[in-house]
Amino acid sequence: MRIRAGAATHVGRVRQRNEDSQLVTPPLYAVADGMGGAPAGDVASAVAIRSLEGEDLPAGATDHDLSEAVRRANRAVYAAAAGDPALQGMGTTLVAALAEADRAVVAHVGDSRAYLLRDGALQQITRDHTYVQELVREGRMSQEQADRHPSRSVLTRVLGIEEEVEPDLISLDLHQGDRLLICTDGLTAMVSDPEIRRTLEGEPEPQKAVERLVEAAVEAGGVDNVTVIVLAAEEGEEPGSRPRPPGAAVAAGPPGTETAGVPVPPAAGTATTTGAAGPRVTTDGGDEPEPTPGRPWVRRSVWTAVVVVVLGAAAFGGRAYVRGQWYVGESNGLVAVYNGIPATVAGYHLSSVVETTDVPAQFAERLQPWQGLSDGITADSRPDAEAIVVQIRRDVTRAERPPASHTRKNGGSGSE
Ligand code: MG
């Protein structure tokens, strides 16, 4: 069997910069979604990807090799942040897939995802490292609540924030016809799983498939940067030598972090198998899974998230973390720009309005891309938040305009 790859990235309709980065150096493929605001977010994802690129993992590399590579990428981001005050607190998600012949290993940290399409069924094989997803797994919150939760973008595990990180590792046997998809949340926040499945099924050519997926995310609102890699397991021989394609590592431009409204399908990622028809999925990866109470890592990470958020604990500049967050929400019925995160914990508001617009929030919420407005639409920086406002205003103006008064379509008023 051989692996063919397609890869695409797009800044989206709202952000000014693309903070996602990607890597296509067979047998290693990866996407990373930087966070931390300009310029740190793009630096974080690019440093992680370059570190992985430098690994030059050989054919036959093991799960352990991949795990170690990810740990080194973590330390590279951590060191870069420690060495420059302007980069403090930066971090990145990472999904790395080592895929060759009839097997793949996926390592992941954060809320970028991997999916497997097999025999017409799409399965998410990573489980988001988010605060709300941990609560779902512990049975303390339903998936539906999690999908709407104002803190759904708060990550519990990120590359580069702590000196050591434990990636989840998922091993799979690849079958002919399988499609392995890895992507940043700019795809999953905008495009539903059924639509992803239909696109993958309808487009056997991996490069065309990624282009269609990216296009779908942008057309659905493109609120975040979007990066997608599709690996197709096909009949045929792997090329004997493994030529490194030109321009293999691609570090994208600027922004992109968590987004609003992530539709989260049933999490797999935990341990072992996925049922008869499903792929054999084995999770390994240190202390990750085992859904038993008292697993120190998860408890600590959830607790860490809360402490960091509430107290602004110093560990990774918690206060700076909250202060460095921006989102667009609703205030007194109007669209507004907030600094902080859209949450209240123990009666403590973690955000404040910095700018109120004259755009009625209810008008915006009638439009599909902005339905999550009252929960908060995450931005990477204040300029990003303002760019979101511009887009909302534009969309609202268009929608409220009486039909037939203009024939002008998208882009008529100076969209980029
Ligand atoms: Mg993102």
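Residues numbered from 1 in each chain as written. Predicted model: local features only at pLDDT ≥ 70, side-chain atom pairs only at ≥ 80, totals over all residues. Heavy atoms only, no water.

S.K.: Just checking my understanding: could you explain the overall build of the chain for this structure?
M.R.: For the chain, the helix and strand inventory stands at 11 helices and 17 strands. For the chain, with 416 residues in total, the buried portion stands at 55%. Sequence-distant contacts in the chain: of pairs separated by 6 or more residues, those separated by 24 or more amount to 72%. (Helix = DSSP H or I, 4+ residues; strand = E, 2+ residues; numbered from the N terminus. Buried < 20%, exposed > 50% of the residue type's maximum accessible area, 1.4 Å probe, protein only. Contact = heavy atoms within 4.5 Å.)

S.K.: I keep staring at helix α6 (residues 193-202) and nothing clicks. Help me out?
M.R.: Because an α-helix completes one turn every 3.6 residues, residues spaced three or four positions apart along the sequence face the same direction. Residues Asp 193, Ile 196, Thr 199 and Leu 200 constitute the buried set of α6. The buried side chains of α6 occupy one side of the element, clustering within an arc of 125° when seen end-on. Tucked inside the fold, the buried residues of α6 contact β7 (113-118), β8 (121-124), β10 (179-183), α5 (185-188), α7 (206-219) and β11 (226-234). (Arc of directions from axis to C-beta.)

S.K.: Quick question: what am I supposed to make of the pairing of strand β14 (residues 326-331) here?
M.R.: Here is the key point about a regular strand: its side chains alternate between the two faces of the sheet. The buried fraction of β14 amounts to 5 of the 6 residues, a majority that puts the element mostly inside the structure. Here 3 bridges tie β14 to strand β17 (residues 377-379), and the two strands are oriented antiparallel to one another. Its bridge partner being in β17, Val 328 is matched across the sheet by Ile 377. (Pairing = 2+ DSSP bridges.)

S.K.: How should I be thinking about the pairing of β8 in this particular structure?
M.R.: With 4 bridges joining them, β7 and β8 adopt antiparallel strand pairing. Along β8, the bridge assignment pairs Leu 116 with Gln 123. What sits between the antiparallel neighbours β7 and β8 is a turn of 2 residues, in which Asp 119 has the positive phi angle 50°.

S.K.: How should helix α1 (residues 40-53) be read in this particular structure?
M.R.: If you check α1, its first and last C-alpha atoms are 20 Å apart, about what 14 residues at 1.5 Å a residue would give, namely 20 Å. For α1, the tally of buried residues reaches 11 of 14 residues, placing the bulk of the element in the interior. Along α1, the residues classified as buried are Ala 40, Gly 41, Asp 42, Ala 44, Ser 45, Ala 46, Val 47, Ala 48, Ile 49, Ser 51 and Leu 52. (Expected span 1.5 Å × (residues − 1).)

S.K.: Explanation requested: the pattern of salt bridges in the structure shown.
M.R.: Working definition: two side chains of opposite charge can pair if their charged atoms are close together. All chains considered together, the criterion is met by 23 salt bridges. Across the pair Arg 15 and Asp 224 runs a salt bridge whose closest N-O atoms are separated by 3.8 Å. Here Arg 15 is found in the loop between β1 (2-10) and β2 (20-25), whereas its partner Asp 224 is found in the loop between α7 and β11, with 209 residues between them in sequence. By relative accessible area, which is 2% here, Arg 15 ends up buried. Across the pair Arg 398 and Asp 395 runs a salt bridge whose closest N-O atoms are separated by 3.4 Å. On the criterion of helical spacing, the pair formed by Arg 398 and Asp 395 is a turn pair, its members being 3 residues apart in helix α11 (residues 382-400). Residue Asp 395 is classed as buried on the basis of its relative accessible area of 10%. One connected set of salt bridges, linked through shared partners, spans Arg 2, Arg 4, Glu 205 and Glu 234. (Salt bridge = Lys/Arg side-chain N within 4 Å of Asp/Glu carboxyl O.)

S.K.: Help me out: how do you make sense of the sheet that holds β8 in this one?
M.R.: Strands pair in a sheet through their backbones, by hydrogen bonds, and they do so in one of two ways: parallel or antiparallel. Taken together, 5 strands build an open sheet; the order of strands is β1-β11-β10-β7-β8 and the sheet is antiparallel. The open sheet is flanked by β1 and β8, the only strands paired with a single partner. Here the strands of the sheet are splayed against their neighbours by 20° on average, with no regard to which way each runs. Docked against the sheet, α6 engages β7, β8, β10 and β11, running at close to 125° with respect to β8. (Axes fitted to C-alpha atoms, helices over the stretch in contact; angles between N-to-C directions.)

S.K.: Got a minute to help me understand the packing of aromatic side chains in this structure?
M.R.: Describing an aromatic ring pair means giving the distance of the ring centres and the angle of the ring planes. Counted by the stated rule, this structure contains 1 aromatic pair. Considering the side-chain rings of Tyr 327 and Tyr 338, the 4.7 Å spacing of their centres and the 5° angle between planes classify their relative orientation as stacked. Remark: Tyr 338 occurs in strand β15 (residues 334-345) and Tyr 327 occurs in strand β14; sequence separation between them is 11 residues. Given a relative accessible area of 6%, Tyr 327 falls into the buried group. Judged by its relative accessible area of 12%, Tyr 338 is buried. (Phe/Tyr/Trp six-rings, centres within 6.5 Å; stacked < 30°, edge-to-face > 60°.)

S.K.: Is there a simple way to think about the packing of α6 against α7 in this case?
M.R.: Two quantities define a packed helix pair, namely the angle between the helix axes and the distance between the axes. With their axes 9 Å apart at the nearest point, α6 and α7 run at an angle of 150° to one another. With respect to their mutual orientation, α6 and α7 come out roughly antiparallel. The chirality of how α6 crosses α7 is right-handed. Packed against α6, whose contacting residues are Glu 195, Ile 196, Thr 199, Leu 200 and Gly 202, the element α7 presents Ala 209, Arg 212, Leu 213 and Ala 216 at the interface. Residue composition of the contact of α6 with α7, by class: 5 nonpolar, 2 polar and 2 charged. (Parallel < 35°, antiparallel > 145°, perpendicular 65-115°, else oblique. Left-handed = near helix turned anticlockwise from the far one by under 90°. Nonpolar A, V, L, I, M, F, W, Y, C, P; charged D, E, K, R; others polar.)

Nothing here speaks to function; it is geometry throughout.
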